[in-house]
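Below, each chain spelled out in residue letters.
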Amino acid sequence: MPTHTATPTWTPASWRDRTARQQPEYPDSAELASVLKHIAKLPPLVTSWEANELRTLLAEAAHGRRFLLQGGDCAERFDECAADILSNRFKVLLQMSLVLVYGLNKPIVRVGRLAGQFAKPRSSSTETRGDTTLPSYRGDIINGIGFSAESRTPDPQRLHTAYNHSASTLNFVRALSEGGFADLNHPEHWQLDFVKHSPLADEYEAIVRSIRESLNFTQTVAEGPIPGLRSVSFYTSHEALLLPYEEVMTRYVEHQEGYYNLGTHFPWIGKRTGHPDEAHVEYMRGLSNPVALKVGPDMTPSMLTGLINRLNPDNEWGKLTLITRMGAQGVGDLLPRLIRAVEAQGAHVLWCCDPMHGNTERTTNGYKTRRFRIILSELEQTFAIHKAEGTHLGGVHFELTGENVTECIGGARGLTENDLAEAYTSHVDPRLNVEQALEMALSIVRLYRNGAAR
Ligand code: PEP
Ligand code: CO
């Protein structure tokens, strides 16, 4: 197998010479090629200016002057590309960011796991029920969730549908973030009914009241509206997993003299595909977008420093985000070593914590779940470790939804194992519901207030 030193030339297709994990096997490669050819001609979903702007904001987060809030579904689904579901998801992120702006006294960089989060890595390539074995569900961009041969066979036409759903999602989210909906003078637009009856309602309302009073005061003194309050900036991200799709969304941008993935602002490499000499890292290393790498418990310090050299060879600020997802049990042991290696390397990275993916468990009644208390514990430990090491935790990454689901255990309403059956709708990972997500934001604020975070 070629090593990276042997093939320095990068193209959007140079990943094809490497081992590519987690890719589906399409039965009809001619059909796949024809779909890809068509998508390659369709307009981009985002622009290079936006990607560059996000990189600047992430650089500031790396310096501790901003804070990244990245969140959304584990996997988007075609049948959930609907106004209420999308606006609720957007509202949760707005509400969380409002709490964080207020509590951290820093601008928040809002990034959704949306408008393209359609492909999922799986631990097994097949699923068996009774005596039937079929390909695993790999996300709506690849195959269907239904347990039949027809539905589970990878279908190239789904790439088109994914592109179209990403475009509709992005169009709607852009309208929400740029129009009056996101106006900071009217945070009541973002209020989700569920939260009004929540044990957290008073705490959230107090923040909203305080912000409103400050705004009224400032606008009275300024004798007019303050510009910039009517809209919020919002960026998209997804796991760059299905490489043929990512390849055709990668375009050369003449005026920037570089290649950008224009299917999203901020692609990331998942834990299962972060091998330095393999296809996903090869693909990602040539992009001009800001990129992220998931860092799990099996990452060694030398592997990580090698990956950093490969993904950010010019050591640019804001270019590379490391999303650590160690698990609450192992983080205390594993993370300090990685931080020290990165510091010794002098690498400029943004540290972000995903406290969800290292803390997944299965209940006795068969549900995949996560416990609020354990998620928060990984987050608290991660803040404390960075503080002790003299580095900044500049962001957080959550799987969440704007719906009132019952997928994670705990939180203010004290959901238990027995409540999970009530509204468990995820086909992949368990997500924080809107109340648990808001509580997470309030908890981060508490960590700042009591000096546990900086
Ligand atoms: C995810 O973010 O949904 C995911 C699969 O994460 P990881 O690659 O960290 O396991
Ligand atoms: Co997930």
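This text follows the structure it describes.
Here is a short report on the structure shown in this document. It should be emphasised that the depicted structure is a prediction, and the values quoted were computed from it without experimental measurement. (Residues numbered from 1 in each chain as written. Chains lettered and ligands numbered in written order. Predicted model: local features only at pLDDT ≥ 70, side-chain atom pairs only at ≥ 80, totals over all residues. Heavy atoms only, no water.)

**Considerations on the coordination of the cobalt ion (ligand 2)**
The coordination sphere of the cobalt ion (ligand 2) contains the protein donors Cys 74 (SG), His 357 (NE2), Glu 399 (OE) and Asp 429 (OD), at a distance range of 2.0 to 2.4 Å. In primary sequence terms, the donor set of the cobalt ion (ligand 2) follows C-x282-H-x41-E-x29-D. Of this pair, Cys 74 sits in the loop between strand E1 (67-72) and helix H3 (83-104) while Asp 429 sits in the loop between strand E14 (393-399) and helix H13 (434-449), and the two are 355 residues apart along the sequence. When sorted by exposure, Cys 74 lands in the same class as Asp 429, which is buried. (Donors = N, O, S within 2.8 Å, 3.2 Å for Na, K, Ca; no water. Helix = DSSP H or I, 4+ residues; strand = E, 2+ residues; numbered from the N terminus. Buried < 20%, exposed > 50% of the residue type's maximum accessible area, 1.4 Å probe, protein only.)

**Some details on the packing of helix H11 (residues 331-345) against helix H12 (residues 372-389)**
The N-to-C vectors of H11 and H12 enclose an angle of 35 degrees; their axes lie 10 Å apart at closest approach. Here H11 and H12 pass one another in a crossing that is right-handed. Of the residues in H12, those in contact with Val 331, Gly 332, Leu 335, Pro 336, Ile 339 and Arg 340 of H11 are Glu 378, Gln 381, Thr 382, Ile 385, His 386 and Glu 389. Tallied by class, the residues present in the contact of H11 with H12 amount to 5 nonpolar, 4 polar and 3 charged. (Axes fitted to C-alpha atoms, helices over the stretch in contact; angles between N-to-C directions. Left-handed = near helix turned anticlockwise from the far one by under 90°. Contact = heavy atoms within 4.5 Å. Nonpolar A, V, L, I, M, F, W, Y, C, P; charged D, E, K, R; others polar.)

**Quick look at the state of the cysteines**
Here is the idea: a disulfide is a covalent bond, and it sits between the sulfur atoms of two cysteines. Counted according to the given criterion, the structure contains 0 disulfides. Unpaired in terms of disulfides, Cys 353 finds its nearest cysteine sulfur in Cys 352, a separation of 7.1 Å. Overall, the relative accessible area of 0% leaves Cys 353 in the buried class. (Disulfide = S-S within 2.5 Å.)

**Notes on the pairing of E14**
Every regular strand shows the same layout, with side chains that alternate between the two sheet faces. Along E14, 7 of the 7 residues are buried, which leaves the element largely enclosed by surrounding structure. The sheet contact formed by E1 and E14 spans 5 bridges and is parallel. Across the sheet, residue Gln 70 finds its bridge partner in E14, namely His 397. (Pairing = 2+ DSSP bridges.)

**Concerning the environment of Arg 21**
Topologically, Arg 21 is positioned in the segment before helix H1 (29-41). Through-space distance from the C-alpha of Arg 21 to that of Ile 308 is 20 Å; in sequence the pair is 287 residues apart. Among all residues touching Arg 21, those that are not within four sequence positions of it are Arg 272, Thr 273, His 275, Glu 278 and His 280. There is a polar contact of 2.7 Å between the side chain of Arg 21 and the side chain of Glu 278. (Polar contact = N/O pair within 3.5 Å; in protein donor to acceptor, adjacent residues only side chain to side chain.)

**What about the site of ligand 1?**
Around ligand 1, a shell composed of Cys 74, Arg 113, Lys 120, Pro 121, Trp 268, Gly 270, Lys 271, Arg 272, Lys 294, Arg 325, His 357 and Glu 399 is seen. Placement of ligand 1 is best described as lying within the largest pocket. Here the shell around ligand 1 is built from residues that sort into 3 nonpolar, 2 polar and 7 charged. (Near = heavy atom within 4 Å. 1 Å grid on protein atoms, 1.4 Å probe; cavity = no way out; pocket = protein on both sides within 12 Å on 5 of 7 lines; lining within 4 Å. Sits in = over half its atoms within 2 Å of the grid points.)

**Focus on the packing of H12 against H13**
Contact geometry of H12 with H13 gives a least axis separation of 11 Å together with a crossing angle of 30 degrees. If you check the angle between H12 and H13, you find them roughly parallel. As H12 packs across H13, the resulting crossing turns out to be right-handed. Counted together, Phe 372, Ile 375, Leu 376, Leu 379, Glu 380 and Phe 383 of H12 and Gln 436, Glu 439, Met 440, Ser 443, Ile 444, Leu 447 and Tyr 448 of H13 form the full contact between these two elements. By residue class, the composition of the contact of H12 with H13 is 9 nonpolar, 2 polar and 2 charged. (Parallel < 35°, antiparallel > 145°, perpendicular 65-115°, else oblique.)

**Digging into the pattern of salt bridges**
Overall, the coordinates contain 28 salt bridges when judged by the stated rule. In this structure, Arg 371 and Glu 361 form a salt bridge, with 3.0 Å as the shortest nitrogen-oxygen distance. Taken together, the residues Arg 371 in the loop between strand E13 (368-369) and H12 and Glu 361 in strand E12 (residues 361-362) connect sequence positions 10 residues apart. Here Asp 429 ties to Lys 368 by a salt bridge, and the two come within 2.9 Å at their closest N and O atoms. (Salt bridge = Lys/Arg side-chain N within 4 Å of Asp/Glu carboxyl O.)

**Focus on empty space enclosed by the protein**
Within this structure, the stated rule accounts for 3 cavities of 30 Å³ or more. When its volume is computed, the largest cavity comes out at roughly 70 Å³. Lining of the largest cavity is provided by Asp 73, Ala 75, Arg 77, Glu 80, Tyr 137, Thr 425, Ser 426, His 427, Val 428 and Arg 431. Looking at the lining of the largest cavity, its residues break down into 3 nonpolar, 3 polar and 4 charged. (Points joined across faces, edges and corners; volume = space filled by probe spheres on them.)

**Looking at H1**
With 13 residues, H1 extends 19 Å from end C-alpha to end C-alpha; this agrees with the ideal 18 Å at 1.5 Å per step. If you follow the buried residues of H1, they end up packed against helix H5 (157-178), helix H8 (243-248) and strand E6 (250-253). For H1, the N-terminal capping position is held by Asp 28, with its side-chain oxygen 3.2 Å away from the main-chain nitrogen of Ala 30. (Expected span 1.5 Å × (residues − 1).)

**A short note on the sheet that holds strand E2 (residues 108-113)**
Here 8 strands make up a closed barrel; going around it, the order is E1-E2-E5-E8-E9-E10-E11-E14 and the pairing parallel. Taken over all neighbouring pairs, the strand axes of this sheet differ in orientation by 25 degrees on average, direction set aside. Relative to strand E9 (residues 291-295), strand E8 (residues 266-269) is paired through 2 bridges, and the arrangement is parallel. By the bridge assignment for E9, Trp 268 is matched with Ala 292.

**Structural notes on the layout of surface pockets**
Think of a ball as big as a water molecule: rolled over the atoms, this probe shows where empty space is left. Estimates place the volume of the largest pocket at around 770 Å³. If you go around the largest pocket, you meet 35 residues; those closest to its centre are Pro 121, Arg 122, Lys 368, Val 428 and Asp 429. At 3 residues, strand E3 (residues 126-129) tops the list of elements feeding residues into the lining of the largest pocket. Partitioning the lining of the largest pocket into residue classes produces 8 nonpolar, 11 polar and 16 charged. Of the volumes computed, that of the second largest pocket is approximately 420 Å³. Lining of the second largest pocket is provided by 22 residues; of these, Leu 98, Val 101, Arg 110, Leu 184 and Leu 229 occupy positions nearest its centre. Elements with a contribution of two residues or more to the lining of the second largest pocket: H3, E2 and helix H7 (201-221). With 5 residues, H3 is the largest single contributor of residues to the lining of the second largest pocket. Of the residues belonging to the lining of the second largest pocket, the class tally is 15 nonpolar, 5 polar and 2 charged.

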